[in-house]
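Reading the structure
So the chains spell out like this:
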Amino acid sequence: MNIDAARQPYQYVRPVLHEPDWRRLPGWREVTKAQWHDPQWQRAHCVKSPKQLRAVVGDLLTEHFFDELAADLSGFATMSMLIPPQMLNTMAPLTFLDADGFTEGFLADPVRRYMLPVRSDRDPHWPSHPHSARDSLHEAQMWVVEGLTHRYPTKVLAELVTTCPQYCGHCTRMDLVGNSTAQVTKAKLVLKPSSRQELMLDYLKRTPGVRDVVVSGGDVANVPWPRLEAFLRQLLELDSVRDIRLATKALVGLPQHWLQPDILDGLAAVAKLATARGVNLAVHTHANHARSVTPLVAQAARALLGAGVRDVRNQGVLMQGVNATQAELLDLCFALHSEAGILPYYFYMCDMIPNAEHWRLSVAQAQQLQDSLMGYLPGYATPRLVCDVPYLGKRWVHQVTEYDRERGISYWTADRHTYYDPISTLPESGRRWWSDYASR
Ligand code: SF4
């Protein structure tokens, strides 16, 4: 029987990657191509405040937008503003440049929705779930030395820095990463970076059962390359380490960083060593919408593969208004996989941090989305949708063992590790139950 493609719910059309012209924005009219491609220029011109945003967009955004932004920064934001020009430029790329049209397009923009949240985005009744928490995955409780989380039997997460070139509104490490906000005073690492790295390596030497090291942060693009290279070379000296994964959203937010010749040369040398030792060296990035996969992002991903890393993989986060439909997810996956050489690997359910309810999906929604993705991409490139269950770890969304749909409580093991659906997705009786619970 032939498949009638026209009757499928999703129509595949080969994506055309697009880098919007930054000169459409008043503050960047005179910015040259050489400046745009310079990572130092990008870092120096990140937007960190409403004032700096105004300097870029002029009067394209209305006063009401800025009021909403200010209200969010003072009342809800768990991450401070930090948006590289590369990322800001992908927001509202096609809207007409008059104030109302631009503001409308900007408000609806999926990248804006998670990088630059405003008050009206948040859930008006339940901005936070009663069980939300800072460090909702309890990573710091599982530190075996400062910044080294040993949660799974064979894997560790090494947090080398607490900064990134960009700050995402939904960051799961909002407890530690970035600058303090009006709402959140951030935790701090206290050891010197060199001492912390030494202690991490020492733990790994003493613990040969760990074979897989995720080198993260923050974002490894904020670790000075010589320090990162030295750490990777020391990891490669350990016979027990067989997988090394470098976590960097900068591949999407600041691809200019990974296109620097000295960094690519250094990475090529490390990749060669990894290959010689039979170690899988990969890069993990974090794109949430097809708009972020621009030609420059694809060029940077291909450059990493050209330098010899075994894979570049994407770990996105499922969010309402960003990528919570079949079409949005498949558009992103096809842009990543066929056009940029990035493997669509995981989409995480958004973790239960404070003020994240408007982004989160229920487990039932995630299960439906997982089903809707099957059969379009090659099997090896079909992403798994996963829930990071507190104290337990990643579980595929169909692995739930028991599910109370009325109260939105999913149980993932016999000893009842739980995850909670957003209250706004529950039936009236479930919403009433949570109101009573909260008032008790
Ligand atoms: S890049 Fe990753 S660690 Fe940094 S703010 Fe975004 S989600 Fe958090």
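As the structure is a computational prediction, the values presented were derived from the model and not from experiment.

Summing up its helical and strand segments, the chain has 16 helices and 13 strands in all. For a compact globule of 440 residues, the expected C-alpha radius of gyration is about 22 Å, and the chain comes in at 22 Å, within 12% of that figure. Dimensions of the chain, computed from C-alpha atoms along their principal axes, come out at roughly 60 × 60 × 55 Å. For the chain, the residues scored as buried account for 58% of the 440 residues in total. Considering only contacts in the chain between residues 6 or more positions apart, those separated by 24 or more positions represent 75%. For the chain, the exposed surface amounts to about 18,400 Å²; the carbon and sulfur share of it is 52%. Of the charged side chains in the chain, 46 are positive and 46 negative; the average position of the first set lies 4 Å away from that of the second.

With that settled, the discussion passes to the sheet that holds strand 12 (residues 409-411). Hydrogen bonding along the main chain pairs the strands of a sheet, whether they run parallel or antiparallel. The antiparallel open sheet is built from 3 strands, whose spatial order is 11-12-13. Looking at strand neighbours, the two that pair on one side only are strand 11 (402-404) and strand 13 (418-420), the edges of this open sheet. Geometrically, the sheet is characterised by an average inter-axis angle of 15° between neighbouring strands, direction not taken into account. Judged from the 3 bridges that link them, strand 12 and strand 13 form a sheet pairing that is antiparallel.

When cut into domains, the chain gives domain 1 (14-121) and domain 2 (140-398). For domain 1 and domain 2, the distance between their C-alpha centres works out to 24 Å. Between domain 1 and domain 2, the contact holds 36 residues from the first and 48 residues from the second. Of the roughly 3,500 Å² buried between domain 1 and domain 2 on both sides combined, carbon and sulfur atoms contribute 59%. Our count for the domain 1 to domain 2 interface comes out at 2 salt bridges. A salt bridge links Glu-339 to Arg-14, with the nearest nitrogen and oxygen atoms 3.0 Å apart. For the pair domain 1 and domain 2, the interface holds 21 residue pairs in polar contact (both at pLDDT 80 or more). Listing elements by their share of the side of domain 1 that touches domain 2, those giving two or more residues are helix 2 (39-44), helix 4 (63-75), helix 5 (85-88) and helix 7 (110-115). Sorting elements by how many residues they give to the side of domain 1 that touches domain 2 places helix 7 first, with 5 residues.

Another point: the site of the ligand. Taken together, the neighbourhood of the ligand is formed by Met-79, Cys-164, Gln-166, Tyr-167, Cys-168, Cys-171, Gly-218, Lys-249 and His-286. Each residue belonging to the shell around the ligand can be placed in one class, and the counts come to 5 nonpolar, 3 polar and 1 charged.

Mapped onto the elements, Lys-186 comes out in the loop between strand 3 (155-159) and helix 8 (193-206). One buried charged side chain, Lys-186, makes no salt bridge at all; its nearest oppositely charged neighbour is Asp-175, positioned 7.7 Å away. Only 2.8 Å separates the side chain of Lys-186 from the backbone oxygen of Thr-78, close enough to count as a polar contact. A distance of 2.9 Å separates a polar atom in the side chain of Lys-186 from the backbone oxygen of Val-177.

Here the structure, examined in full by the defined rule, presents 15 aromatic pairs. Relative to Trp-36, the ring of Trp-28 lies with its centre 5.3 Å away and its plane at 70°, an arrangement referred to as edge-to-face. Across the pair, exposure class does not vary: Trp-28 and Trp-36 are buried alike. By the ring-pair criterion, three or more aromatic residues cluster together here, those being Tyr-10, Tyr-12, Phe-334 and Tyr-376. The cationic tip of Lys-155 hangs over the ring face of Tyr-152; the distance from NZ or CZ to the ring centre is 4.6 Å. Of note, Arg-416 hangs over the ring of Tyr-411, and the distance from its end group to the ring centre comes to 4.1 Å.

Okay, the side chain of Asn-288 next. Within the element layout of this structure, Asn-288 appears in the loop between strand 6 (280-285) and helix 13 (295-306). Within the local environment of Asn-288, its side chain forms a polar contact with the side chain of His-286, the two groups lying 3.0 Å apart. A distance of 2.9 Å separates a polar atom in the side chain of Asn-288 from the backbone nitrogen of Val-317. Those residues in contact with Asn-288, other than ones at most four positions away along the chain, are Tyr-114, His-170, Lys-249, Gly-316, Val-317, Met-319, Val-322, Asn-323 and Leu-332.

With 13 residues, helix 4 should cover 18 Å at 1.5 Å per step; its first-to-last C-alpha distance of 18 Å lies within 8% of that length. All of the buried residues along helix 4 are Phe-65, Phe-66, Glu-68, Leu-69, Ala-71 and Asp-72. Where helix 4 is buried, its residues contact helix 3 (50-57), helix 6 (99-108) and helix 7.

Take the environment of Lys-51 next. Tracing the sequence through the fold places Lys-51 in helix 3. What makes Lys-51 exposed here is its relative accessible area of 69%. Separated by 91 residues in the primary sequence, Lys-51 and Met-142 place their C-alpha atoms 40 Å from one another.

Turning our eyes to something else, we now look at a nonpolar patch on the surface. On the surface, Val-190, Leu-191 and Leu-199 cluster together into a nonpolar patch covering about 260 Å² of accessible area. As for its position among the elements, Val-190 is in the loop between strand 3 and helix 8.

Here we come to the packing of helix 9 (residues 225-236) against helix 12 (residues 261-276). A pair of packed helices is characterised by two quantities: the angle between their axes and the separation of those axes. As a packed pair, helix 9 and helix 12 sit with axes 10 Å apart at the nearest point and diverge in direction by 0°. The orientation of helix 9 relative to helix 12 falls into the category roughly parallel. From helix 9, Trp-225, Glu-229, Leu-232, Arg-233 and Leu-236 reach across to helix 12, where they touch Ile-263, Gly-266, Leu-267, Ala-269, Val-270, Leu-273 and Ala-274. Its residues placed into classes, the contact of helix 9 with helix 12 shows 9 nonpolar, 1 polar and 2 charged.

Cut-offs applied
Residues numbered from 1 in each chain as written. Predicted model: local features only at pLDDT ≥ 70, side-chain atom pairs only at ≥ 80, totals over all residues. Heavy atoms only, no water. Helix = DSSP H or I, 4+ residues; strand = E, 2+ residues; numbered from the N terminus. Rg over C-alpha atoms; globule rule 2.2 N^0.38 Å. Buried < 20%, exposed > 50% of the residue type's maximum accessible area, 1.4 Å probe, protein only. Contact = heavy atoms within 4.5 Å. Areas by Shrake-Rupley, 256 points an atom, 1.4 Å probe, with all protein chains shown as cover. Lys, Arg positive; Asp, Glu negative; His and termini not counted. Charge placed at Lys NZ, Arg CZ, Asp CG, Glu CD. Pairing = 2+ DSSP bridges. Axes fitted to C-alpha atoms, helices over the stretch in contact; angles between N-to-C directions. Domains from an automatic or database assignment. Buried area = accessible area lost by both parts, 1.4 Å probe. Salt bridge = Lys/Arg side-chain N within 4 Å of Asp/Glu carboxyl O. Polar contact = N/O pair within 3.5 Å; in protein donor to acceptor, adjacent residues only side chain to side chain. Near = heavy atom within 4 Å. Nonpolar A, V, L, I, M, F, W, Y, C, P; charged D, E, K, R; others polar. Phe/Tyr/Trp six-rings, centres within 6.5 Å; stacked < 30°, edge-to-face > 60°. Lys NZ or Arg CZ within 6 Å of the ring centre and 35° of its normal. Expected span 1.5 Å × (residues − 1). Patch = residues over 30% accessible without salt bridge, like charges linked within 9 Å, V, L, I, M, F, W, Y side chains within 5 Å. Parallel < 35°, antiparallel > 145°, perpendicular 65-115°, else oblique.

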